[in-house]
Every structure is written in C-alpha cells, then in structure tokens.
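Results of the structural survey
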Amino acid sequence: PETVPNDTYFGNLWGMKNTKQFGGVMDADIDATNAWSTETGSSSVVVAVIDTGTDYNHQDLAANMWTNPGEIASNGIDDDGNGYIDDVRGWNFINETNDPMDDHYHGTHVAGTIGAVGNNSTGVAGVCWNVKIMPLKFLSYTGSGYTSDALQAIQYATNMGVDVMNNSWGGGGYSQSLADAINTATNNGILFVAAAGNDAISTPYYPSCYFDSVSVSSTTYSDTL
C-alpha cells in the first residue's frame, strides 16, 4: 500500500514519487510513499542540518524545529554548560550568536527535504513528516564558509547527541581535524551524511570522501547521475 500526503506541492516532488510529471522516468524515486505506510518519522530523532542556517519560522518547518531542553531562553546563562549561551535553537558559527536563521536559502531547502511537516495541506512533505531539525549555521549568505566553523558545528552536534548530521556542502582539500571530528561523531553512534557534489567527477570531494561519511550522490528525474 501507498501513503500519499495531502501537501499542496507534493505532486512536484518527483524524488519522493515519480509519475513522469516532468517528463522523467516512472518510479525513479526513493519509494517514499511505500515507506510512509510503515513509518513517517519520530520527534525523538534529531537531525543537525549543518548549512546556511534554517528559517525556523517557516510554516512547513516550525513544528519540526529542535529546541534545546537544557537551555532557558534569553537569560544570558549557559544553562546546560556546553559552552554556548542561550543556544535554544542551535548556533550561528559565523557570527558566534544563538541565531541560526538562514540568510541564503539552501539550508532551509535542505531542512524541508529532510523534515517538512507532512500531510498538513501546506507546502511540501519531507522524508520525515515528524522529526527535529537542529540548525547549525556555518555558511554565509553567499553560500561559502570555513572548515574551522564546520568543525565547530560537527563538534557541537556530537556533544549534543544528535542522531544524524546532514552536510549538503563540500569543497577544499583533506583536513585531518575534520576527519577526526567525523570519526568521533560516528564512534558516538551518529550517522554523518554528506553530499557527493553535483559535478559527477571522480576526484576526491570532501567531506563526502572521509572514511566515516555516508556519501550521497544526486540523480535526475530521468534516473541519470
């Protein structure tokens, strides 16, 4: 059986359910509607979206945004003792503030693919209709950032005990410190997922090529790389 959500633009999501709606190949998708008949997600699962931030006020994301249970908002105190003051929603590693609002768009797009609220007659449906998204911002409004900030974001997510880290970014050479941080995360039972890039090249691409990374490539609605 299939479970099809009533979200307004679900019909456009060929990656979830490909019906050749854009001239693609039937069933060139992730069979999401079959999976949803068994499971649509859980609020106990926390996914750190390490990216440009996330629009945590978005109508299709707000209900699935993570909040730090150990932190009291706006009291100027590091209540949970993790080294970050008032990190209720996550953290901005560019400006070193507690506001990881997206000023680009990419991180919000990624968060929606992962966890837009499903079957709410609004917008789209994420792979997980029910999940908690932790926004960690290290990429700026230009879409660029520093490995050192990415490293801090990974360490933060590891210390906070997330279940999954999503890294839809890449570039730069091999970094031993980044490799070590990813290794520490996976040794703590965290799934580290990274994009293989959009260029279909065979040269190493980081962070997806680190040993402990789950590397995910992109395919088209015609089922080509």
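Let us look at the structure shown here. (Residues numbered from 1 in each chain as written. Predicted model: local features only at pLDDT ≥ 70, side-chain atom pairs only at ≥ 80, totals over all residues. Heavy atoms only, no water.)

**Regarding the environment of Arg-89**
What counts, and what does not: Each helix is a run of H or I in the DSSP string that is no shorter than four residues. Each strand is a run of E no shorter than two, and both are numbered from the N terminus. Here the term buried applies to any residue with accessible area under 20% of the maximum for its type, exposed to any over 50%, and partly exposed to those in between, with areas from a 1.4 Å probe on protein chains only. Only heavy atoms matter for contacts: two residues are in contact if any of them lie within 4.5 Å across the pair.
Assignment of secondary structure puts Arg-89 in the loop between strand 1 (41-51) and strand 2 (91-92). A relative accessible area of 38% means that Arg-89 is categorised as partly exposed. When residues no more than four places from it in sequence are discounted, the contact partners of Arg-89 are Tyr-56, Trp-66, Pro-100 and Pro-135.

**Topic: the layout of surface pockets**
Any empty space left between the atoms is revealed when a probe the size of a water molecule rolls over them. Just so we agree on the cut-off: We place a 1 Å grid over just the protein atoms. Points where a 1.4 Å probe fits but has no way out form a cavity, open points with protein on both sides within 12 Å along at least 5 of 7 lines form a pocket, and any residue with an atom within 4 Å of a point lines it. Grid points are joined across faces, edges and corners, and a volume is the space filled by probe spheres set on the points. Residue polarity follows a fixed list, in which Ala, Val, Leu, Ile, Met, Phe, Trp, Tyr, Cys and Pro are nonpolar, Asp, Glu, Lys and Arg are charged, and the others, Gly among them, are polar.
Approximately 210 Å³ is the volume found for the second largest pocket. Every residue lining the second largest pocket is counted, 14 residues in all, and those nearest its centre are Ala-196, Gly-197, Asp-199, Ala-200 and Ile-201. Looking at the lining of the second largest pocket residue by residue, the classes come out as six nonpolar, seven polar and one charged.

**Details of the packing of aromatic side chains**
For clarity, the threshold we go by: Note on aromatic pairs: the rings of Phe, Tyr and Trp (six-membered ring only in Trp) are paired at centre separations within 6.5 Å, and the planes decide the class, stacked below 30 degrees, edge-to-face beyond 60, tilted for the rest. For a ring to carry a charge above it, either NZ of a lysine or CZ of an arginine must fall within 6 Å of the ring centroid while also lying within 35 degrees of the normal to the ring plane.
Throughout the structure, instances matching the rule amount to 12 aromatic pairs. Centroid distance Trp-36 to Trp-129: 5.0 Å. Interplanar angle 50°. Geometry classified as tilted. Here Trp-36 is found in the loop between helix 1 (32-35) and strand 1, whereas its partner Trp-129 is found in the loop between helix 2 (106-115) and strand 3 (130-137), with 93 residues between them in sequence. Overall, Trp-36 belongs to the buried group, its relative accessible area being 5%. Under the relative-accessibility criterion, Trp-129 is labelled buried at 12%. Aromatic pair Tyr-84 and Phe-93: ring centres 5.9 Å apart, planes at 75°, arrangement edge-to-face. A relative accessible area of 15% means that Tyr-84 is categorised as buried. Aromatic ring contacts, followed pair by pair, group Tyr-84, Trp-91, Phe-93 and Tyr-156 into a single cluster. Note that Arg-89 overlies the ring of Tyr-56, its terminal NZ or CZ placed 4.0 Å from the centroid.

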